[in-house]
Structure formats: C-alpha cells, structure tokens
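Descriptive analysis of the structure
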Amino acid sequence: MIYDLELINVGKVYDNGTPAVIDFNLSIRKGEFIAFLGPSGCGKTTTLRMIAGFESISSGDMMIKGERMNDVRPQKRPTSMIFQNYALFPHMTVRRNVGYGLEVKGRAKAERDARVDRILATLGLEDIAERKPDKLSGGQRQRIALARGLVVEPDVLLLDEPLGALDANLRKAIQNELKLLQKRLGVTFVFVTHAQSEALALSDRIVVMNQGRVEQISPPHQLYTRPDTPFVAQFIGRNTIFEGEVAGTQADSTFVSTSFGTLSGCANGGLSSKVNIVIPSEAIEVHAAGGSARENLVRAFGGNVVGARVERFDVVGHISQIGISLPDGRGLALEAHIDKYRPGAFPLGAEVMLTWDSADATVIPAH
Ligand SMILES: Nc1ncnc2c1ncn2[C@@H]1O[C@H](COP(=O)(O)OP(=O)(O)OP(=O)(O)O)[C@@H](O)[C@H]1O
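Residues numbered from 1 in each chain as written. Predicted model: local features only at pLDDT ≥ 70, side-chain atom pairs only at ≥ 80, totals over all residues. Heavy atoms only, no water.

Counted only if it meets this: UniProt positions are given in the numbering used here, feature names are shortened, and annotations may be inferred rather than shown by experiment.
Here is the UniProt Sequence similarities (unreviewed entry) comment for the chain, exactly as written: "Belongs to the ABC transporter superfamily."

Okay, here's the thing in structure tokens:
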C-alpha cells in the first residue's frame with residue numbers, strides 16, 4: 001500500500017545536542033486527519049517542520065506517496081503549512097495573499113485566478129477578496145490562511161496550532177468547519193495541538209507525544225478508553241490510577257493486587273508484573289456506604305469497590321458534580337446527570353463506595 005505520508009524511524013537532534021524527536025514511526029492514509037498532541041516541548045512542531053522541510057531530518061526517512069523527501073527542498077514538496085499566526089502579508093489583498101503560493105510556483109495568471117476563485121468560494125471569502133487582512137476578524141484571517149494552504153492543492157496540509165489565536169467560541173465554530181472541509185476535499189491533514197478536546201473532536205487518529213517519543217497512536221475513542229501507557233492515562237481524559245501487581249487473570253479480566261484490595265480491569269497488551277489499573281471518571285459510580293452494601297457491591301462489581309469520602313457536591317444546571325477523596329488523600333471529580341445523583345444524595349463528609357465494571361478499566365504496564 002502506498003501511504004500519503006510515512007515517517008520511518010525519524011529522529012531529530014538539534015545542533016546543540018538536544019534530541020527533540022526519537023524514532024518516530026507513522027503511516028498516514030490519503031484523506032486522514034491526524035493530530036499530534038502532547039505537552040509543550042514534546043517535539044510536535046519539530047516533527048511538522050521536518051515534514052514541511054523547514055527542519056532537516058537527522059535520522060530515518062520521510063516519504064510522501066512512496067517518494068523519499070528527506071533531501072527535497074520545502075517548495076518542491078507536495079505539502080503546505082499553516083502557521084498559528086497565519087503569516088499573512090498585510091499589504092496584499094486577500095486575493096493576492098491566497099494566490100501568492102501559486103505565483104511563487106510560477107503558475108500562469110489564468111490558472112491562478114481560476115484556482116483562487118474556486119478556493120475563495122469554497123471558504124466563503126469572495127466578499128472580502130479585495131480587502132486587506134488587517135481589516136478582518138480573527139476567524140476570517142484563519143480562513144484566508146487555510147485558503148492559502150489549500151490553493152496549491154497539496155497532498156498533505158500541515159497545520160501548526162491553527163486555531164490557537166481564536167477565542168473559545170470561534171474556535172469551536174471553525175473546528176466544525178475545518179472538519180467538514182477536510183472530509184469534503186479529501187486532503188490529508190496533519191494538525192499540531194496541545195488542546196486535547198480539539199484533537200479528540202477533529203482527528204481520525206491522534207499521535208500522543210512525550211519528550212520526543214510517540215506514546216500511542218489511536219483513534220480518539222480508543223485513546224480515551226484504552227490508554228497504552230501511564231503518560232497517556234494521565235494526559236488524556238480524567239482517569240484514576242491505582243498501582244499494583246498482577247495477581248491473576250480470568251476470562252477478559254486481569255486482577256491486580258493494590259493497597260486498596262484486589263481490583264480488576266481489561267489488560268491492554270502484554271503485562272509485566274508491575275502494572276497500573278486505569279479507571280475513567282465516567283466509569284465510576286458512587287454508592288452510599290453502610291449495612292450490607294459492601295458485600296453486595298463486591299459481588300456485583302467483581303471486587304471493584306473502593307471506600308472514599310464526599311468532599312463536595314454541587315449542582316450546575318442539570319449536572320451533579322461530586323468531589324471525592326480517596327483514603328490516600330488523592331481527590332477525584334465525578335460528574336453525572338442530576339437524575340443519577342439527586343441534590344442531597346450524599347451529605348458532605350459522607351463515607352461512600354466507588355465501583356466500576358471491570359470491562360471499563362484498563363490494566364497497563366507501569367513503565
Ligand atoms: N531550533 C532549536 N534549537 C534547539 N532546540 C530546539 C529548537 N527548536 C526546538 N528545540 C527543542 O526541541 C524540543 C521540541 O520542541 P518542539 O518545538 O518541537 O516542541 P512542541 O511539542 O512543538 O512544543 P510547543 O507545544 O511548545 O510548540 C524542545 O526541547 C525544544 O526546546
């Protein structure tokens with residue numbers, strides 16, 4: 001199979017010796033929307049710049065449609081890049097800004113005009129085509145930058161935090177547009193962000209990076225529900241993590257001996273003896289303690305019962321928010337519809353029990 005983009009053991013060491021990207025492997029199919037997600041300094045932008053050709057590749061290979069690109073100059077690569085600040089020329093009209101890439105490539109005026117008209121129409125920018133960018137809103141400037149990237153008809157569009165300069169509402173609206181546009185045009189997008197919600201909402205697959213290494217590459221739902229590593233479990237979603245050692249397996253459940261008792265979840269990949277059991281907030285239920293509740297819950301939830309205390313109970317609109325503390329002092333925040341936990345269901349300071357289904361928890365290697 002020929003991929004639109006392949007990174008094969010790609011590494012980057014800067015001149016000062018900093019290893020910024022280590023052994024990056026990824027194969028992207030045509031029309032995929034891929035997000036690079038990770039904390040500041042993890043190597044997202046460096047990887048994007050290596051793909052664009054603005055940064056040299058220290059080791060490994062970068063291929064586009066089966067052709068090795070390592071030594072191809074940026075303007076000769078079938079990529080275009082959109083920067084966070086959009087890098088629009090303030091003295092040029094929107095139309096010239098959008099057509100600039102085609103001018104640089106030496107395309108004839110008639111072809112340039114036709115392509116620019118088409119992309120301006122696609123993005124709803126015809127009415128402002130003769131204006132200068134500094135007279136336009138953030139959302140309009142973002143769309144112009146997108147038009148400028150797409151007009152050269154790249155195989156791969158590279159986007160470096162392209163929504164970072166927009167306020168939250170506009171960001172959400174443009175996210176939706178971006179996703180629809182990408183699917184309609186069928187162009188492969190590689191998108192850098194450190195906003196988790198953006199990556200989860202937009203991408204077909206997310207690459208989570210940490211300190212120059214790829215931690216996990218998965219579709220959003222899988223990344224959220226089945227983290228591969230402790231880093232991903234802490235970085236994505238809101239998980240509670242218990243450390244322990246594998247005590248045995250039965251059917252799909254792996255039992256883990258922890259300081260909170262023997263707890264269980266689904267094993268994700270091969271396990272060493274030291275493991276983490278990862279429980280998403282959404283999977284945790286709160287029950288009043290007392291009477292024979294504990295024995296019943298232990299039976300119903302395969303042993304997944306942990307005692308805790310209610311520290312906070314707030315109702316916001318139709319959502320109940322419960323702040324819980326575990327015996328080891330850690331806190332967790334749970335949310336559910338008000339129908340599930342009615343106001344006053346748990347008085348502050350109440351002893352409660354937390355449960356989850358084994359199938360909703362994931363057991364991963366501790367390192
Ligand atoms: N030109 C450079 N010279 C030396 N080191 C660099 C250079 N550019 C980046 N680095 C280092 O490489 C590592 C990765 O940086 P990079 O900008 O790729 O991270 P990032 O994940 O994109 O971060 P951010 O989200 O803050 O943009 C960091 O340790 C950074 O300090």
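1. Things to note about helix α3 (residues 109-122)
To keep it simple, the criterion reads: Secondary structure is summarised from DSSP: a helix means a run of H or I of at least four residues, a strand means a run of E of at least two, and numbering begins at the N terminus for each. Here, expected helix span is obtained from the residue count minus one, scaled by 1.5 Å. Here's how the labels work: a residue is buried when its accessible area is under 20% of the maximum for its type, exposed when over 50%, partly exposed in between, all with a 1.4 Å probe on protein chains only. The directions considered for the arc are those from the helix axis to the C-beta atoms. Any two residues having at least one pair of non-hydrogen atoms within 4.5 Å are treated as being in contact.
Between its first and last C-alpha, α3 extends 20 Å over 14 residues, near the 20 Å set by a 1.5 Å rise per residue. Buried residues of α3: R115, V116, I119 and L120, and no others. Taken end-on, α3 shows its buried residues confined to a sector of 130°, consistent with a single buried face. Where α3 is buried, its residues contact α2 (94-104) and α4 (138-150).

2. Quick look at the packing of α2 against α4
Worth spelling out the cut-off: For every element, the axis is a line fit to its C-alpha atoms; helices are fit only across the contacting stretch, and the angle between N-to-C directions ranges from 0 to 180 degrees. Should an angle lie under 35 degrees it is considered roughly parallel, over 145 roughly antiparallel, and from 65 to 115 roughly perpendicular; all remaining angles are considered oblique. Handedness of each helix crossing follows the sense of rotation of the near helix against the far helix: counterclockwise by less than a right angle gives left-handed, clockwise gives right-handed. The nonpolar class holds Ala, Val, Leu, Ile, Met, Phe, Trp, Tyr, Cys and Pro. Asp, Glu, Lys and Arg form the charged class, and all remaining residues, Gly among them, are polar.
Taken N-terminus to C-terminus, the directions of α2 and α4 make an angle of 30°; their axes are 7 Å apart at the nearest point. With respect to α4, the axis of α2 lies roughly parallel. Considering how the two elements wind past one another, α2 and α4 form a crossing that is right-handed. Contacts between α2 and α4 pair V94, N97 and V98 from the former with I144, A147 and R148 from the latter. Broken down by class, the residue content of the contact of α2 with α4 amounts to four nonpolar, one polar and one charged.

3. Re the pairing of strand β12 (residues 253-258)
As a reminder, the rule being used: Between any two strands, at least two bridges found by DSSP are needed for them to pair.
Here strand β11 (residues 239-250) pairs with β12 via five bridges, running antiparallel. Note on β12: the bridge partner recorded for G248 is F255. Here β11 folds back onto β12, and the loop between the two strands holds two residues, one of which, A251, carries a positive phi near 50°. As defined by bridge partners, β12 adjoins strand β13 (residues 261-267) across six bridges and the pair is classed as antiparallel. Bridge assignment links F255 to a residue of β13, and that residue is S264. Hairpin connection of β12 to β13: two residues between the antiparallel strands.

4. As for the site of the ligand
Here is the rule: By convention in this text, a residue qualifies as near a molecule or strand provided that one of its non-hydrogen atoms is within 4 Å of it. Each polar contact in these results corresponds to two N or O atoms within 3.5 Å; when the atoms are within protein, one needs to be able to donate a hydrogen and the other to accept it, and residues that are neighboring in sequence are counted only if both atoms are side-chain atoms.
If you check the shell around the ligand, you find Y14, N16, A20, P39, S40, G41, C42, G43, K44, T45, T46 and H194 and nothing else. The separation between a nitrogen atom of the ligand and a polar side-chain atom of Y14 is 3.3 Å. Between the ligand and G43, the relevant distance is 3.0 Å, taken from an oxygen atom to a main-chain nitrogen or oxygen of the residue. With three residues, the single largest contributor to the shell around the ligand is helix α1 (residues 44-52).

5. Observations concerning the side chain of E198
Assignment of secondary structure puts E198 in helix α6 (residues 196-202). Looking at E198, its side chain comes within polar contact range of the side chain of Q175, at 3.4 Å. A polar contact of 3.4 Å, which involves the side chain of E198, links it to the side chain of T193. Aside from chain neighbours lying at most four places away, what touches E198 is L163, R171, Q175, F191 and T193.

6. Quick notes on the sheet that holds strand β8 (residues 188-193)
Pairing is mixed in the open sheet, where six strands are placed in the order β6-β7-β8-β3-β9-β10. Single-partner strands in this sheet number two, and they are β6 (79-82) and β10 (213-218). The mean angle between the axes of side-by-side strands here comes to 20°, regardless of whether they run parallel or antiparallel. With five bridges connecting them, strand β7 (residues 156-160) and β8 associate as parallel partners. Bridging across to β8, L157 finds its partner in F189.

7. Some points on the domain arrangement of the chain
How big an interface is tends to be expressed through the accessible area that disappears when the partners come together. Inclusion rule: Segmentation into domains, and thus their bounds, comes from an automatic or database assignment.
The domain architecture assigned to the chain consists of domain 1 (5-225) and domain 2 (238-365). Domain 1 and domain 2 are separated by 40 Å when their C-alpha centres are compared.

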